[in-house]
Amino acid sequence: MGPVCTRACRFCSIPAEKPGPLDSGEPERLARAADKMKLEYVVVTSVTRDDLPDGGAGHFAAVVNALRRRIPGVEVEVLVPDFGGDARSLSTVLEAGPAVLNHNIETVPSLYARVRPGALYERSLELLARAARQGGMPVKSGLMLGLGETDAEVESVLRDLGGAGVDLLTIGQYLKPSPECLDVVDYVAPARFAALERTARGMGFAGVASGPFVRSSFRAAELLRGMK
Ligand code: SF4
């Protein structure tokens, strides 16, 4: 959906600019590329497109469908933006039948204004809860540590995600991708990541990947298959 974004998250180096029109050839090209690479599990993500009436939900659905047509049996995980809280946009994506609906909560609520201006903690939580109620597929989320959050805040987010019906969780270390982005406040010890993984599993999450190098798509296929 293009190389620029309508949001300006301060942990991300994607430029915040006015985007161009959607490229209707992208779904087929993406499917062709995945086929050439012999992928069986594809994680698809995008910039945020607040300028589009459906936030790009139809484009996500077109990508899922194009991948399925070209690669029989492929599993597609979609890592979606919040669609401005629009329930119809989320439904459009869910109806395409991805293997996993992923949306990152990213950080604790007290840091949203600084880290994710333009996003709302409650809105992201509601998207996840709606997907869990509606979807018929596992729901996944993730957050970064090292932005100044407290341990109690992180555990509170885990409870919120569990309460929303999230099944799969990734927790990783924030790293500063460009000089303009937020500084790293803490490098969190591997032992803390391991402790959080135990805590999350104790709360009932079916699959958890937690460690300094974990990212949203970290061993995504294995995380899903472990849950199954
Ligand atoms: S919405 Fe996504 S792509 Fe856009 S600035 Fe935030 S993290 Fe980056």
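Scroll up to find the structure.
In what follows, the accompanying structure is described. (Residues numbered from 1 in each chain as written. Predicted model: local features only at pLDDT ≥ 70, side-chain atom pairs only at ≥ 80, totals over all residues. Heavy atoms only, no water.)

Some thoughts on the overall build of the protein
Okay, so step 1: Counting its regular elements, the protein contains 8 helices and 6 strands.
Okay, so step 2: Order of helices (α) and strands (β) in the protein, N terminus to C terminus: α-β-α-β-α-β-α-α-β-α-β-α-β-α.
Okay, so step 3: Relative to the compact-globule value of 17 Å for 228 residues, the protein shows a C-alpha radius of gyration of 17 Å, a close match.
Okay, so step 4: Here the protein holds 228 residues, and 50% of them are scored as buried.
Okay, so step 5: Just so you have it, the protein exposes about 10500 Å², and 54% of that area is on carbon and sulfur atoms. (Helix = DSSP H or I, 4+ residues; strand = E, 2+ residues; numbered from the N terminus. Rg over C-alpha atoms; globule rule 2.2 N^0.38 Å. Buried < 20%, exposed > 50% of the residue type's maximum accessible area, 1.4 Å probe, protein only. Areas by Shrake-Rupley, 256 points an atom, 1.4 Å probe, with all protein chains shown as cover.)

Describing the pattern of salt bridges
Okay, so step 1: With the rule as written, the count across this model stands at 17 salt bridges.
Okay, so step 2: In this structure, Asp86 engages Arg88 in a salt bridge whose closest nitrogen and oxygen atoms are separated by 3.2 Å.
Okay, so step 3: Take Asp86: its relative accessible area is 22%, and that puts it in the partly exposed class.
Okay, so step 4: Ionic contacts of the salt-bridge type, sharing partners, join the residues Arg7, Asp50, Asp82 and Arg123 into one network. (Salt bridge = Lys/Arg side-chain N within 4 Å of Asp/Glu carboxyl O.)

Topic: the site of the ligand
Okay, so step 1: Neighbouring the ligand are Cys5, Arg7, Cys9, Phe11, Cys12, Ile14, Val47 and Thr48.
Okay, so step 2: The site holding the ligand turns out to be the largest pocket. (Near = heavy atom within 4 Å. 1 Å grid on protein atoms, 1.4 Å probe; cavity = no way out; pocket = protein on both sides within 12 Å on 5 of 7 lines; lining within 4 Å. Sits in = over half its atoms within 2 Å of the grid points.)

Examining the sheet that holds strand 3 (residues 100-102)
Okay, so step 1: Strand order across the open sheet formed by 6 strands is 1-2-3-4-5-6, with parallel pairing between neighbours. Both outer strands of the open sheet, strand 1 (41-45) and strand 6 (207-210), are each paired with one neighbouring strand and no more. Averaged over all adjacent pairs, the angle separating strand axes in this sheet is 20 degrees, with direction ignored.
Okay, so step 2: As judged from the 6 bridges shared by strand 4 (residues 139-145) and strand 5 (residues 168-173), these two strands associate in the parallel manner. Across the sheet, Gly142 pairs through a bridge with Thr170, a residue of strand 5.
Okay, so step 3: Relative to the sheet, helix 6 (residues 151-164) contacts strand 4 and strand 5, its axis offset from that of strand 4 by approximately 170 degrees. (Pairing = 2+ DSSP bridges. Axes fitted to C-alpha atoms, helices over the stretch in contact; angles between N-to-C directions. Contact = heavy atoms within 4.5 Å.)

What to know about the pairing of strand 5
Consecutive side chains of a regular strand alternate in pointing toward one face of the sheet and then the other.
Okay, so step 1: With respect to burial, strand 5 is a largely interior element, 6 of its 6 residues being buried.
Okay, so step 2: Examined bridge by bridge, strand 5 and strand 6 share 4 bridges and lie parallel to one another. Across the sheet, Ile171 pairs through a bridge with Ser210, a residue of strand 6.
Okay, so step 3: Viewed along the sheet, the connection from strand 5 through helix 7 (residues 190-203) into strand 6 turns out right-handed. (Right-handed = clockwise from strand over helix to strand, strands pointing away.)

Structural notes on the pairing of strand 2 (residues 75-79)
Okay, so step 1: Judged by how many residues are buried, strand 2 sits mostly within the fold: 5 of 5 residues are covered.
Okay, so step 2: Residues Glu75, Glu77 and Leu79 line one face of strand 2 and the alternating positions Val76 and Val78 line the opposite face, and both faces are buried.
Okay, so step 3: As paired strands, strand 1 and strand 2 are joined by 5 bridges and run parallel to one another. Pairing of Val44 across the sheet is with Val78, part of strand 2.
Okay, so step 4: Crossover connection from strand 1 via helix 2 (residues 57-70) to parallel strand 2: handedness right-handed.
Okay, so step 5: As paired elements, strand 2 and strand 3 share 3 bridges and run parallel to each other. Opposite Glu77, over in strand 3, you have Val100 as the bridge partner.
Okay, so step 6: Handedness of the β-α-β unit built from strand 2, helix 3 (residues 87-95) and strand 3 comes out right-handed.

Notes on the packing of helix 6 against helix 7
Okay, so step 1: At a minimum axis distance of 10 Å, the contact between helix 6 and helix 7 shows a crossing angle of 30 degrees. Put simply, helix 6 runs roughly parallel to helix 7. Judged by the twist between their axes, the crossing of helix 6 over helix 7 is right-handed. Between helix 6 and helix 7, the contacting residues are Asp151, Val154, Glu155, Leu158 and Arg159 on the first element and Arg192, Leu196, Thr199, Ala200 and Met203 on the second. (Parallel < 35°, antiparallel > 145°, perpendicular 65-115°, else oblique. Left-handed = near helix turned anticlockwise from the far one by under 90°.)

That's the geometry; what it means functionally is another story.
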